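Geometric and topological summary
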Amino acid sequence: MKISSLLNQNTLSLSFEVFPPKTEVGFDSVKTATEEIAALRPAFMSVTYGAGGGTSRYTLDIAKNIKSRYGVPTLAHLTCVSSTHQTVSEKIAAIREAGIENVMALRGDIPADKQGEDRSRWDYRYAIDLIRELKEAGDFCVGGACYPEIHPESETQADDIRYLKEKVDAGCDFLTTQMFFDNNLLYNFLYKIREAGITVPVIPGVMPITNSNQVERAIQLSGSFVPQRFKSLVDKFGHDPAAMKQAGIAYATDQIIDLYANGIKNVHVYSMNKPDVAQKIIENLSDIIGK
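Described below are features of the structure shown in this document. (Residues numbered from 1 in each chain as written. Predicted model: local features only at pLDDT ≥ 70, side-chain atom pairs only at ≥ 80, totals over all residues. Heavy atoms only, no water.)

Turning our attention to the overall build of the chain. Along the chain, the regular secondary structure elements total 12 helices and 8 strands. The globule rule puts the C-alpha radius of gyration for 291 residues at 19 Å, and the 18 Å found for the chain is close to it. Reported as C-alpha extents along the three principal axes, the dimensions of the chain are approximately 50 × 45 × 40 Å. The buried share of the chain, taken over its 291 residues, is 52%. Approximately 13800 Å² of the chain is accessible, and the part contributed by carbon and sulfur atoms is 48%. Here the chain holds 31 positive side-chain charges and 36 negative ones, and the gap between their average locations is 2 Å. (Helix = DSSP H or I, 4+ residues; strand = E, 2+ residues; numbered from the N terminus. Rg over C-alpha atoms; globule rule 2.2 N^0.38 Å. Buried < 20%, exposed > 50% of the residue type's maximum accessible area, 1.4 Å probe, protein only. Areas by Shrake-Rupley, 256 points an atom, 1.4 Å probe, with all protein chains shown as cover. Lys, Arg positive; Asp, Glu negative; His and termini not counted. Charge placed at Lys NZ, Arg CZ, Asp CG, Glu CD.)

This is the structure we're talking about:
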């Protein structure tokens, strides 16, 4: 099923992101974790591509397994940074052959060894180039990424929104946000993009922070603003792994409930391949989402 169809349903839903293993040695454990999350019957699951496409060969294997074994709609990530047209064309053909109809089109992080290269010579410089190719290649439901605060490479949010409008106009069917920890940032962002004429569905992305070491890494990746009440939570419980895990799940659950209460129908959870965290969040929301 296409995610665009799921998003048109008038029901509350929850989806999860998982990531493939970094090496073949870790494949079985990751496969098991993703299967346990799939068994929770989320609305859909997304499978990341890995930094620089380093784990791309496992992305499709995980996505195919989730879809065929559990019947859960899957969203396969695809990045294009520093790739050739031939490489991307082969990846798109493999996605189509696997029966995956939902693709998250991303530029991806620029590899360290290519930071100084002249990007004007690259086949793909931005995600919009990949979005256009996916739309020309077949009947894919294409997702794009957005930042409720600001993209790390944008000078202003106005610039960010203008580029986002170009991606949507190129064919994005829906958008998924980077993680955020203050829902007011999302509500303000949604108001601004609607004013700019961006009308496709936007799925908020929420990450449960279950240990204190994740905080710095999460901020580094997303540049997210961390509200004082979350900092206080980490200060109070960060030294106690069990307490921090419970508090982090509770904070994420509270975020999701507030999003639902304010008219958001679909929320995407960055699960970090943790079935127990995914299950606890679903249990916390069981009567709300009917699970």
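Once you've had a look at it, read on.
On to the pattern of salt bridges. Tallied over the entire structure, the rule returns 9 salt bridges. We note a salt bridge from lysine 245 to aspartate 276, for which the minimum N-O separation is 2.2 Å. Taken as a pair, lysine 245 in helix H10 (residues 241-261) and aspartate 276 in helix H11 (residues 275-284) lie far apart in primary sequence, 31 residues in all. Assessed through its relative accessible area of 31%, lysine 245 is described here as partly exposed. In this structure aspartate 276 comes out as partly exposed when scored by relative accessible area, which is 39%. Through salt bridges that share partners, Lys31, Glu35 and Arg69 make up one connected network. (Salt bridge = Lys/Arg side-chain N within 4 Å of Asp/Glu carboxyl O.)

Turning our attention to the environment of lysine 280. With respect to the helices, strands and loops of the structure, lysine 280 is situated in helix H11. On the basis of relative accessibility, which here comes to 39%, the residue lysine 280 falls in the partly exposed class. Along the primary structure lysine 280 and isoleucine 249 are separated by 31 residues, whereas in three dimensions their C-alpha atoms are 7.6 Å apart.

What follows deals with helix H4 (residues 85-97). For H4, built from 13 residues, the straight-helix expectation of 18 Å at 1.5 Å per residue is met to within 8% by its first-to-last C-alpha distance of 18 Å. Residues Val88, Ile92 and Ile95 constitute the buried set of H4. One side of H4 carries all its buried residues, which in axial view fall inside an arc of 60°. Those residues of H4 that are exposed and aimed more than 90 degrees away from the buried face are Gln86 and Glu97. (Expected span 1.5 Å × (residues − 1). Arc of directions from axis to C-beta.)

Attention now moves to unusual backbone geometry. If you check the backbone angles, arginine 41 has positive phi at about 60° while not being a glycine. Here arginine 41 shows up in the loop between helix H2 (27-38) and strand E2 (45-47). One non-glycine residue, asparagine 273, adopts positive backbone phi at about 60°.

A few words now on helix H5 (residues 127-137). Among the residues making up H5, those that are buried are Ala127, Ile128, Leu130, Ile131, Glu133 and Leu134. Considering only its buried residues, H5 is in contact with strand E3 (74-79), H4, strand E4 (102-106), strand E5 (141-146) and helix H6 (157-170). (Contact = heavy atoms within 4.5 Å.)

All right, on to the sheet that holds strand E6 (residues 174-179) then. As summarised here, the arrangement of the 8 strands in space is E1-E2-E3-E4-E5-E6-E7-E8, forming a closed barrel in which the pairing is parallel. Strand-to-strand twist across the sheet, computed as the mean angle between neighbouring axes with direction ignored, equals 30°. Relative to E4, E3 runs parallel, the two sharing 5 bridges. Paired with leucine 78 across the two strands is alanine 105, which belongs to E4. (Pairing = 2+ DSSP bridges. Axes fitted to C-alpha atoms, helices over the stretch in contact; angles between N-to-C directions.)

We now examine the nonpolar core. Of all hydrophobic cores here, the largest spans 63 residues; its most connected members are Leu14, Leu175 and Ile256. The element that contributes the greatest number of residues to this core is helix H3 (residues 56-70), accounting for 6 residues. For leucine 14, the contacting residues outside a window of four places in its chain are Pro42, Ala43, Phe44, Ile256, Tyr260, Val267, Val269, Ile281, Ile282, Leu285 and Ile289. With 13 residues, the next largest nonpolar core counts Met179, Leu233, Val234 and Met244 among its residues. (Core = buried A, V, L, I, M, F, W, Y, C linked by side-chain atoms within 4.5 Å.)

Applying the stated rule across the entire model yields 3 aromatic pairs. Relative to phenylalanine 230, the ring of phenylalanine 181 lies with its centre 5.2 Å away and its plane at 20°, an arrangement referred to as stacked. Taken together, the residues span a long stretch of sequence, with phenylalanine 181 in the loop between E6 and helix H7 (183-195) and phenylalanine 230 in helix H9 (residues 228-237) at a distance of 49 residues. An aromatic cluster is defined as three or more aromatic residues linked by ring pairs; in this entry it consists of Phe181, Phe230 and Tyr251. Cation over ring: arginine 162 sits above tyrosine 163, and NZ or CZ is 5.3 Å from the ring centre. (Phe/Tyr/Trp six-rings, centres within 6.5 Å; stacked < 30°, edge-to-face > 60°. Lys NZ or Arg CZ within 6 Å of the ring centre and 35° of its normal.)

Moving on, we come to a nonpolar patch on the surface. A cluster of nonpolar side chains, Leu12, Ile257 and Ile288, forms an exposed patch at the surface whose accessible area comes to about 200 Å². Mapped onto the secondary structure, isoleucine 257 falls in helix H10. (Patch = residues over 30% accessible without salt bridge, like charges linked within 9 Å, V, L, I, M, F, W, Y side chains within 5 Å.)

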